[in-house]
Structures are given as C-alpha cells and as structure tokens.
Amino acid sequence: MALWGGRFSSQPEEAMFALSRSVHFDWRLAPYDLRSSLAHVAILQEKKIIDSDTGKKLEGALRQLQKEVVAGTFTAIDSDEDVHSALERGLKEKLGDVGGAIRAGRSRNDQVATDFRLYLIDHMIEIASQLLVVQKSIAQLAQQYVDAVAPGFTHLQHAQPVSFGHELAKHAHAFTRDISRIHDWLERANLSPLGAGALSGSSLPLDPEKSAANLGFSGVIENSIDAVMDRDFAAEALFIIALVGVHISRIGEEWTLWSSTEFGWAKLNDAYSTGSSIMPQKKNPDAAELARGKSGRFIGNLTGLLTVMKGLAFAYNRDLQEDKESVFDSVENLLLLLPAVSGMIATTSFDKSKMKAAAPLGFSLATEIADFLVKQSVPFSVAHEAAGSCVKLCESKAIELHQLSDEEFLSIHPKLTADVRALLNVDGAIAARTSPNGTAPSSVKKQLDTLNQTIATNSAWVASERRRFSGMMDQ
Ligand code: ARG
C-alpha cells in the first residue's frame, strides 16, 4: 500500500516498485517502528493534535500489532513497499481511515532514521555483551597458561620468549577498546531524529524532547535537516564492527597457524573443527578460518555505506535506503561469529612442552646477552654487536647460545663472563621482565586481575544499558 498517490495518475511500474521495495530487508525494523509510533501517538494525543478516542484506538492497534509481529501473524505482503507502509496498512486494516491519523507531524524520513538508531542501539549493546563473553574465554584461557612459555614473535620470526598467557591475553585488550568504542558511540548515537519531519521540523505543536525521552534517547538532534540525513551512527557502528572483525581475524590467523602440523601447539576441540570429504586424516580449523574471513565482508560493508553517504546533497535522498542491508549483514554476521569464537577459544588446549621446546630456538635469548653487558656499563650499541657476534658464532658451529664456551664468550667481549650463561634460560628471561606490562608471570597475573576487573565493570555497564533499553521497548 503506497503512502502517497494524491497527485499521481498512475501506479508505479512493476520494475519501479521492485526497485523501490525494501520491506524484505527493513522488516527487521518493525519492533522499533512500532515502538517509535507509540511514542509519536502519545505526543499527538497529549498535544491534542488527535482526539483522545483516536489516540486510544491507535495505541491499542499498535500494541496489538506488536504482539502480532512477534507471533508472526502480521507480516509484510507483496504490495507493501517498506516496513513503515506495511505497518500503516496494519493500522488501517484494524481502524480504517483512523489508522492514517498517525502520520500527522511525521515523515518516513524522521521515522526511518529513528527506527534505524533504535535497531542499532539494541544490537550494539548485544554485540558488546557478546564481546565480553569472548573476553572472558580469553582471560580464562590466559590464566591457565600464565606459567607456560612460548616463543614470542615479531615479523613471524622468533623474537623473545614470553608467557603464553601474556600472548593470549593481548587479544582481550583489543576487545576492551572495542567495547569502549561502543560506549562512546552510544553517547553520540543516542539522539532522536523524531520531530524533524521530512526535513524542516513541524508546524504542529509536537514535543520532540518528550518523545525522545519516551524512547530512551538522551536528547534530540538539533538540526532537523541533519536529523534526516545523518547516518554517521551507522557508519561508525560499521567501523566498530569492522575493527572487531579485524581483531577476530587475528585470532583466526593465530589459531590456524598454531593448529598446523608445523606449529603443532594448539589442539582444537572437535566441536569447533571440520573434516574433509576426501582426506580422512584432516581436521580443519574452520571456525578460525571463518573468523578470519568474515572480516572481509565487514570491511566491505563499511566501505559500501561510506560510498552511499558520500556526496549526498541537502537532506534525505533515496540513496539512503541503501544504508540498511550492509548494517544488517554486519550485525547479523558478527552476532553469528562471536559465540563460535568464544566457544572455539574456550575449548582449545595447547601443548605446553612443545611451546617450551620452541621457546629458546632462533636465538631468542640473544637480548639477554646484550642486557647482561649493559648491566656491566657497556653501551647498548656495543652490547648489541657483541650479542650479534655470539649468534653468528653459534650459527657457524650449529649450536645454541648457552653451548658457547667461557673462552668464546670472553673472546667476543671481555665483560662477557661465564655468569651470562645463567641468564640463557627461557624461564629466567621471562621471569626477569617484571615491568607492569611485561611478560613475567608475576606481571601477567596482575594484568589479568586488572583485565577481569575491566570485564566486570563493562559487564555491569552492558547489563544496565540492556535493562534501560528493554525497559523502553516494553513501555
Ligand atoms: N524505505 C525508506 C528508506 O529506507 C524510508 C524512507 C522513505 N522516504 C521517502 N521520502 N521516500 O530510506
């Protein structure tokens, strides 16, 4: 059912209608549309723009539609253009012409912007909540491996040995930043476009502040033209999701590497792996690979939306209907991905002895030699050269650093006494790195305590936002 037509002498061509139609994807906005319609009706009634009998009828029919939409007994039909027109059809089916009274002082332009914000606020809170589950699974796994040692890498080359708990925990910190981004995003997104009308506001005595508060928004968008065209909240949300996706892709890559025969560190749980139809021995890390792969579409969706927004003049343009599918796709795929990622992490076990055996390889303790000399007042550049010479000598003799003789150490630098050998063990090197952010197990344990506190604080925030939001939706 079209929401316009008075000035038209013909119906849209089939091809035009097919192009225009969005109800097959924007139906996801139905609960938010009904909620914002209730807020709008309340103001229309309070300000006597509609009489109280009409107001009560509209409210009753909207509440009935809420139930029917949840139950699936009211759905879009082929002739509905978008979610807004489908729901107005629902009102008219129940109330006749009275159903059309709801349109006073409102346009689909402020309506869709309002619904879309409500949808995203609801879903970004859910994303934050799922990120916390992932963080908890990382923190728990890291706790189990604080005392396990492994090579640490830069450039995918052995660099310095680290506590494996430290290595794992780093991922959780990236998610702390993502959650903080959602927190900041909410501050900006939580403003109401309602009352902006098509673009210029309304001559009717609406009360946008009140409808905003009624919907749980913290205020009203100041400029009505900005209100109907702004999609920054959607672009920012897609950026946050893209960055979460990038963070998850790194987990995916590490898990894939660690479960390879070459590394052989990680043992994935069967429940998060798949087999091959032809090679019976295969156990593939598909969860990790999909975790890595999904980031591609998240980045694509962000790029797509920014490109739609670019160069749009004035206020609402129909291009903006193209803002939704990328958002739904990113939100839904991330919410599909996060539980699988937390499950995969929580059920992975690591081979401590294999990691320990690999830890000193690749002369990863050479820095210890340089640091030993620095502590004897040798300038670092000289100490670095000396440690490099030790590595060179070892390479030529195909031995490890601790296998150099006392004479060989002294021949490289007179201050390189046999005492250095005591430092050439992985546990000692790790235990010495007691800087607050360092890899010594004593430091990592404190970092994990702080991480767990942050997770608890953020969980309380997410729970309160969720209560607040669902309270508003239930009104
Ligand atoms: N389906 C439209 C959208 O998603 C709703 C707004 C339509 N506004 C209009 N002036 N045609 O953007």
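About the criteria used
Positions within a chain are numbered from 1, following the residues in the order the chain's sequence is written. Owing to the predicted nature of the model, reporting of local features is limited to residues with pLDDT of at least 70; listing and counting of side-chain atom pairs is limited to 80 or more, with chain, interface and lining totals taken over all residues. Only heavy atoms go into the side-chain values, all of them from the structure, while hydrogens and water stay out. Whether a residue is near a molecule or strand depends on its heavy atoms: if one lies within 4 Å, it is near. Definition of a polar contact: a pair of N or O atoms within 3.5 Å, with one able to donate and the other able to accept a hydrogen when the atoms are protein atoms, and with sequence-neighbouring residues admitted only if both atoms are side-chain atoms. Each accessible area is a Shrake-Rupley estimate made with a 1.4 Å probe; only the visible protein chains count as cover when residues are assessed. By the criteria applied, helices consist of DSSP H or I runs no shorter than four residues and strands consist of E runs no shorter than two, each listed in order from the N terminus. Under the scheme applied, nonpolar residues are Ala, Val, Leu, Ile, Met, Phe, Trp, Tyr, Cys and Pro; charged residues are Asp, Glu, Lys and Arg; polar residues are all the others, including Gly. By convention a nonpolar core is built from buried Ala, Val, Leu, Ile, Met, Phe, Trp, Tyr and Cys residues, the set being connected through side-chain atoms within 4.5 Å. Accessible area is worked out with a 1.4 Å probe on protein chains only. A residue is then buried under 20% of its type maximum, exposed over 50%, and partly exposed in between. Residue contacts follow a heavy-atom distance rule, with two residues in contact if any of their heavy atoms lie within 4.5 Å. We call two strands paired when DSSP finds no fewer than two bridges between them.

### Quick look at the site of the ligand
And step 1. If you check the shell around the ligand, you find Ser22, Asp82, His84, Arg108, Asn109, Val112, Tyr316, Gln321 and Lys324 and nothing else.
And step 2. Here a nitrogen atom of the ligand and a side-chain polar atom of aspartate 82 are 3.0 Å apart.
And step 3. Compared with its free state, where it exposes 340 Å², the ligand has 86% of that area covered by protein.
And step 4. The greatest single-element share of the shell around the ligand, amounting to three residues, is contributed by helix H6 (residues 108–144).
And step 5. Of the residues belonging to the shell around the ligand, the class tally is two nonpolar, four polar and three charged.

### Observations regarding the nonpolar core
And step 1. With 101 residues, the main nonpolar core has Leu120, Phe164, Trp185, Trp255 and Phe350 as its most contacted residues.
And step 2. Take this core: its biggest share by element is 17 residues, from H6.
And step 3. With residues up to four places along the chain from it excluded, the contact list for leucine 120 reads Trp185, Phe233, Ala234, Ala237, Val327 and Val331.
And step 4. Listed in part, the 26 residues of the second largest apolar core include Ala370, Ala386, Leu401 and Val420.

### Structural notes on unusual backbone geometry
And step 1. Of note in the backbone geometry, phenylalanine 363 takes a positive phi value of approximately 55° without being a glycine.
And step 2. On the secondary structure map, phenylalanine 363 appears in the loop between helix H13 (352–358) and helix H14 (366–375).
And step 3. Positive phi, normally seen in glycine, also occurs at alanine 398, with a value near 55°.
And step 4. With respect to the secondary-structure elements, alanine 398 resides in the loop between helix H15 (380–397) and helix H16 (406–412).

### Observations concerning the pairing of strand E2 (residues 157–163)
And step 1. Pairing geometry for strand E1 (residues 149–154) and E2, over six bridges, is antiparallel. By the bridge assignment for E2, proline 151 is matched with proline 161.
And step 2. Counted along the chain from E1 to the antiparallel partner E2, the turn is two residues long, and its residue histidine 155 has a positive phi close to 55°.

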